[in-house]
Amino acid sequence: SQTIHQWPATLVQPVGSPLSLECTVEGTSNPNLYWYRQAAGRGLQLLFYSVGIGQISSEVPQNLSASRPQDRQFILSSKKLLLSDSGFYLCAWSGRAGPSSYEQYFGPGTRLTVT
Amino acid sequence: QKEVEQDPGPLSVPEGAIVSLNCTYSNSAFQYFMWYRQYSRKGPELLMYTYSSGNKEDGRFTAQVDKSSKYISLFIRDSQPSDSATYLCAMSALTGTASKLTFGTGTRLQVTL
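Residues numbered from 1 in each chain as written. Chains lettered and ligands numbered in written order. Predicted model: local features only at pLDDT ≥ 70, side-chain atom pairs only at ≥ 80, totals over all residues. Heavy atoms only, no water.

Glancing now at the sheet that holds strand E8 (residues 73-78) of chain A. Residue and element names in this part refer to chain A. Overall, antiparallel pairing links the four strands, which are arranged E1-E3-E8-E7 in an open sheet. Strands at the two margins of the open sheet, each flanked by one partner only, are strand E1 (3-7) and strand E7 (64-70). Averaged over all pairs of adjacent strands, the angle between their axes in this sheet comes to 20°, without regard to strand direction. Alignment of E7 against E8, held across five bridges, turns out to be antiparallel. (Pairing = 2+ DSSP bridges. Helix = DSSP H or I, 4+ residues; strand = E, 2+ residues; numbered from the N terminus. Axes fitted to C-alpha atoms, helices over the stretch in contact; angles between N-to-C directions.)

Moving on: the pairing of strand E2 (residues 10-13) of chain A. Residues and elements named next belong to chain A. Burial along E2 is one-sided: Leu 11 and Gln 13 are buried, while Thr 10 and Val 12, pointing the other way, are not. Across four bridges, the pairing between E2 and strand E11 (residues 110-114) is parallel. Bridge assignment links Val 12 to a residue of E11, and that residue is Thr 113. (Buried < 20%, exposed > 50% of the residue type's maximum accessible area, 1.4 Å probe, protein only.)

This paragraph deals with the pairing of strand E6 (residues 55-58) of chain A. All names here are of chain A. Bridge count between strand E5 (residues 44-52) and E6: three bridges; the pairing is antiparallel. Its bridge partner being in E6, Gly 52 is matched across the sheet by Gln 55. Hairpin geometry of E5 and E6 is characterised by an intervening segment of two residues between the two adjacent antiparallel strands and by a positive phi of about 75° at Gly 54.

Let us look at the sheet that holds strand E3 (residues 19-25) of chain B. Residues and elements named next belong to chain B. In spatial order, the strands read E1-E3-E8-E7-E6; together these five strands make up an open sheet with antiparallel pairing. Each having just a single partner strand, strand E1 (4-6) and strand E6 (54-58) make up the two edges of the open sheet. Here the strands of the sheet are splayed against their neighbours by 15° on average, with no regard to which way each runs. Summarising the sheet, E1 and E3 pair through three bridges and their orientation is antiparallel. Opposite Gln 6, over in E3, you have Cys 23 as the bridge partner.

Throughout the structure, instances matching the rule amount to six salt bridges over all chains. Between Lys100(B) and Glu59(A) there is a salt bridge, with the nearest N and O atoms lying 3.3 Å from each other. Highlighted residues: Lys100(B) in the loop between strand E9 (85-92) and strand E10 (102-103) and Glu59(A) in the loop between E6 and E7, drawn from two different chains. Taking the relative accessible area as the measure of exposure, Lys100(B) reaches 30% and is therefore partly exposed. Residue Glu59(A) is classed as partly exposed on the basis of its relative accessible area of 32%. Linking Asp83(B) and Arg60(B) is a salt bridge whose minimum nitrogen-to-oxygen distance equals 2.9 Å. Residue Asp83(B) is found in the loop between strand E8 (71-76) and E9, and its partner Arg60(B) is found in the loop between E6 and strand E7 (61-66); the two are separated by 23 residues along the sequence. (Salt bridge = Lys/Arg side-chain N within 4 Å of Asp/Glu carboxyl O.)

Our next topic: the interface of chain B and chain A. Every contact between the two is made by 23 residues of chain B and, on the other side, 25 residues of chain A. Note on chain B versus chain A: buried area summed over both sides is about 1,900 Å², and carbon and sulfur give 58% of it. Connecting chain B to chain A are one salt bridge. Where chain B touches chain A, the interface holds six residue pairs in polar contact (both at pLDDT 80 or more). Tallying contributions element by element places strand E4 (residues 32-38) of chain B first for the side of chain B that touches chain A, with four residues. (Contact = heavy atoms within 4.5 Å. Buried area = accessible area lost by both parts, 1.4 Å probe. Polar contact = N/O pair within 3.5 Å; in protein donor to acceptor, adjacent residues only side chain to side chain.)

Once that is clear, we can look at the packing of aromatic side chains. All told, the structure shown has 14 aromatic pairs over all chains when counted by the stated rule. Aromatic pair Phe106(A) and Phe103(B): ring centres 6.0 Å apart, planes at 75°, arrangement edge-to-face. With one member in each of two chains, Phe106(A) in strand E10 (residues 105-106) and Phe103(B) in strand E10 form a pair that bridges those chains. Relative accessible area serves as the criterion here: at 9%, Phe106(A) is assigned to the buried category. What links up through ring pairs into an aromatic cluster is the set Tyr34(A), Tyr36(A), Tyr49(A), Phe106(A), Tyr36(B) and Phe103(B). When the ring centre of Phe88(A) is taken as reference, the NZ or CZ atom of Arg111(A) above it lies at 4.3 Å. (Phe/Tyr/Trp six-rings, centres within 6.5 Å; stacked < 30°, edge-to-face > 60°. Lys NZ or Arg CZ within 6 Å of the ring centre and 35° of its normal.)

Another aspect to go through is the state of the cysteines. Residues and elements named next belong to chain A. Taken as a whole and judged by the stated rule, the model has two disulfides over all chains. The disulfide partner of Cys 23 is Cys 91, and the gap between their sulfur atoms is 2.0 Å. Between Cys 23 and Cys 91, the disulfide has an S-S torsion of -75° and is therefore left-handed. Of this pair, Cys 23 sits in strand E3 (residues 19-26) while Cys 91 sits in strand E9 (residues 87-94); the two residues are 68 residues apart in sequence, bridging distant segments of the chain. Of the two residues, Cys 23 and Cys 91, both sit in the buried class. (Disulfide = S-S within 2.5 Å.)

As structure tokens, then:
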């Protein structure tokens, strides 16, 4: 069965510090990968998605970036965090094409607090 | 106007009640409809998945899609305290090889003993 991991689970960082969140998927090959942010009362906002190694599409312009160095690894980064970057960050995977690409499965999330 | 509207609740029901959760949407291109359950401080869990219009049943859960009215529902029969969670609807249009889901803001459900 497929498993998705995210770390760290919680993070408290000062404004202006760098960020690196990691997501890995087990038990599947060639997944689509996604990064979402969930803010209180605002639902899930898609930040980035990737259909393959090195292929990143950005949905929202901001000071975050994403990379996919390996097939089942997705990294979310920032060079300088802002207070507004606080939130619950969720990684998700789906199949590559067809109906399976619409079923997205989420990881446990990382709760980021920028102070 | 948001593409997907969902009443945030909270919705409080007694154990054993039938629960109805709903979303409306404005984008007629949406073809795939999902319901997720999210417990506090956890990632969302995919509950139900429906393509186009019609009903789909899985145990105590029934998902219903009415594309003519742009309205989707999730019914929970014989609700249990363990059903207490936030329920998120999500939907997607066909977008090449990656699906971009648009989420509702979630309805918080509390099932009381």
